Amino acid sequence: MEIAPLDGLFADAAQALTPEGFLHVFPQRFDSEGFLIARLRKTGSLPPPPGYKLRKLPFTTLNKKMAAVYLQWSSNLMLWQRDKEI
């Protein structure tokens, strides 16, 4: 694995750069939520551990009854907008 630098991700990103190459964005400096960004690049792969078996994904589709319940619930959500973001 390698860490790719993010100093050119946006204007003034170099101000938020950590020594490791991550971006630590503070809300008071960038008028945003605070967050940490890291770009990791996979440079190789490892063999699976002994005895590892590829399993079926744990996801299934919702049946029609459950989907209808979810859709009814989600229609009551209230969305908020700030500038051009929802």
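This text goes with the structure placed above it.
Here we summarise the structure given alongside this text. Quick caveat: nothing in here was measured; it's all calculated off a predicted structure. (Residues numbered from 1 in each chain as written. Predicted model: local features only at pLDDT ≥ 70, side-chain atom pairs only at ≥ 80, totals over all residues. Heavy atoms only, no water.)

1. Describing the overall build of the chain
Scanning the chain for helices and strands turns up two helices and four strands. Shown N-terminal to C-terminal, the secondary structure of the chain runs as helices and strands in the order β-β-α-β-β-α. For 86 residues, the compact-globule estimate of 2.2 N^0.38 gives 12 Å, and the chain exceeds it by more than 25% at 21 Å. Each of the three principal axes of the chain carries a C-alpha extent, and together these read 50 × 50 × 15 Å. Within the chain, the fraction of its 86 residues that count as buried is 10%. Restricting to contacts in the chain with at least 6 residues of sequence separation, those with at least 24 account for 30%. Working note: accessible area of the chain is about 8,400 Å², and carbon and sulfur atoms make up 59% of it. (Helix = DSSP H or I, 4+ residues; strand = E, 2+ residues; numbered from the N terminus. Rg over C-alpha atoms; globule rule 2.2 N^0.38 Å. Buried < 20%, exposed > 50% of the residue type's maximum accessible area, 1.4 Å probe, protein only. Contact = heavy atoms within 4.5 Å. Areas by Shrake-Rupley, 256 points an atom, 1.4 Å probe, with all protein chains shown as cover.)

2. Regarding the side chain of T18
With respect to the helices and strands, the residue T18 is situated in the loop between β1 (2-4) and β2 (23-25). What makes T18 buried here is its relative accessible area of 18%. A distance of 3.0 Å separates the side chain of T18 from the side chain of E20, its partner in a polar contact. (Polar contact = N/O pair within 3.5 Å; in protein donor to acceptor, adjacent residues only side chain to side chain.)

3. Considerations on unusual backbone geometry
Positioned with a positive phi, D12 is a non-glycine residue whose angle comes to about 65°. Structurally, the position occupied by D12 is in the loop between β1 and β2.

4. A look at the pattern of salt bridges
According to the stated counting rule, one finds one salt bridge in the structure shown. A salt bridge links R41 to E2; its shortest N-O distance comes to 3.1 Å. Here R41 is found in strand β4 (residues 39-41), whereas its partner E2 is found in strand β1, with 39 residues between them in sequence. (Salt bridge = Lys/Arg side-chain N within 4 Å of Asp/Glu carboxyl O.)

In short, shape yes, function no, at least from these values alone.
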